[in-house]
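Summary of the model geometry
Chain by chain, the residues:
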Amino acid sequence: MKKLKIVGVVLVLGILIGLLIFAIFHPYSDSHLRIEGVRVRLPENTLIVDGCNFVNLAKCEKIIKVGGKDQRLVFEYKNFKKNGYPLTAVATINGKEFYREDGLNIEVNSYLDYKTFLNFYVMNEEYILFTLTKGSIGRTTTLYAIDLEGNVILEEHDLDTDDMLIKDTVDFVTYKDNTVTLYGSRMSGSITYNNDTICNVKDKEIVEAYYTYTLKDGKFSKKQTKTTTAKQYIKDNKITCEED
């Protein structure tokens, strides 16, 4: 009888120890993730960063070599509300903040508040360039250039006047040495221009264009290069317009 009790006690202890080890070392899924004492409820792909090592759904770390040295970039959500959603998105380089957005409302806005960081590029062994797209509805991308101290050297969302924005529904950015070229468009959708149809726009009106930014002496200069008029756009996209 005593032997059975001893065996029972040993068995129970073994189970408890096994559960403890499992609890310590088991890689919990993000449905159990807690940050700042709050159980996180972020959907997948709320944060996308190209080539980043994700610690969890809300944080990732990316190493970029600049000037022969590793630079540590961290992208994360912070200030979690009791409902499990964050109020803030932050990005830092070597602990120095270069991007911050407060007042997020992901639980209501859904993908409109998602963050996508892409197109990383090291220029002149001094600056890191990348694009940030908010949501996935198009025309919400900004080009950034930062130095190693977290200072923003370039921040371009509006490429020109009259709603000329980055056309982020296509391959829109090209890097070469100390220049970056962006593809811009005033078109919202395939045929809409300024809340009207492209067919009603004057033939010579510029509706799309390329903009080249050149780095010199720590500053970027901008030049509009190739342009597309409304007439050419209609022809290239084979749009049929009714004649009056």
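Conventions adopted
Residues numbered from 1 in each chain as written. Predicted model: local features only at pLDDT ≥ 70, side-chain atom pairs only at ≥ 80, totals over all residues. Heavy atoms only, no water. pLDDT = per-residue confidence, 0-100. Contact = heavy atoms within 4.5 Å. Pairing = 2+ DSSP bridges. Helix = DSSP H or I, 4+ residues; strand = E, 2+ residues; numbered from the N terminus. Disulfide = S-S within 2.5 Å. Buried < 20%, exposed > 50% of the residue type's maximum accessible area, 1.4 Å probe, protein only. Patch = residues over 30% accessible without salt bridge, like charges linked within 9 Å, V, L, I, M, F, W, Y side chains within 5 Å. Areas by Shrake-Rupley, 256 points an atom, 1.4 Å probe, with all protein chains shown as cover. Salt bridge = Lys/Arg side-chain N within 4 Å of Asp/Glu carboxyl O. Core = buried A, V, L, I, M, F, W, Y, C linked by side-chain atoms within 4.5 Å.

1. Side note on the confidence of the model for the chain
Mean pLDDT over the chain stands at 89; residues scoring 70 or higher make up 87%. Here residues 1-30 scores under 50 on pLDDT; set against residues more than four positions off or in separate chains, the count is five contacts.

2. Overview of the pairing of strand E4 (residues 53-56)
Looking at chain direction, E4 and strand E5 (residues 59-66) are connected through three bridges and run antiparallel. Each residue of the ladder has a partner; that of asparagine 56, found in E5, is lysine 59. Connecting E4 to the antiparallel partner E5 that follows it, the hairpin turn spans two residues.

3. Some remarks on the state of the cysteines
In a disulfide, the sulfur atoms of two cysteines are held together by a covalent bond. Taken as a whole, this structure holds two disulfides when the rule is applied. Across the disulfide, cysteine 52 is cross-linked to cysteine 60 (sulfur-sulfur distance 2.2 Å). Handedness of the cysteine 52-cysteine 60 disulfide follows from its S-S torsion of about 90 degrees: it is right-handed. Each of the two residues, cysteine 52 as well as cysteine 60, counts as buried. In this model, cysteine 199 is linked to cysteine 241 through a disulfide, with the two sulfur atoms separated by 1.9 Å.

4. Thoughts on unusual backbone geometry
In this structure, aspartate 162 is a non-glycine residue whose phi angle is positive, near 55 degrees. Following the sequence through the fold, aspartate 162 ends up in the loop between strand E13 (158-160) and strand E14 (164-166). Located in the positive-phi region is asparagine 195, a residue other than glycine, with phi close to 60 degrees. Along the chain, asparagine 195 falls in the loop between strand E17 (192-193) and strand E18 (196-197).

5. Side note on a nonpolar patch on the surface
There is a patch of nonpolar side chains on the surface, built from Tyr111, Leu112 and Ile137 and spanning about 290 Å² of accessible area. Positionally, tyrosine 111 belongs in the loop between helix H2 (106-109) and strand E9 (115-123). The partly exposed category is assigned to tyrosine 111, whose relative accessible area is 40%.

6. Observations concerning the nonpolar core
Phe75, Tyr77, Phe98, Phe117 and Phe120 are the most contacted members of the largest nonpolar core, which totals 32 residues. Looking at this core, the elements that each hand over two or more residues are strand E3 (47-49), E5, strand E6 (69-80), strand E7 (86-93), strand E8 (96-101), E9, strand E10 (127-134) and strand E11 (141-146). With four residues, E6 is the largest single contributor of residues to this core. If we skip the residues at most four places from it in the chain, phenylalanine 117 touches Leu47, Ile48, Val49, Asp50, Phe75, Tyr99, Phe130, Thr131 and Leu132. In this structure, Met123, Leu143, Met164 and Tyr211 belong to the second largest nonpolar core, which totals 20 residues.

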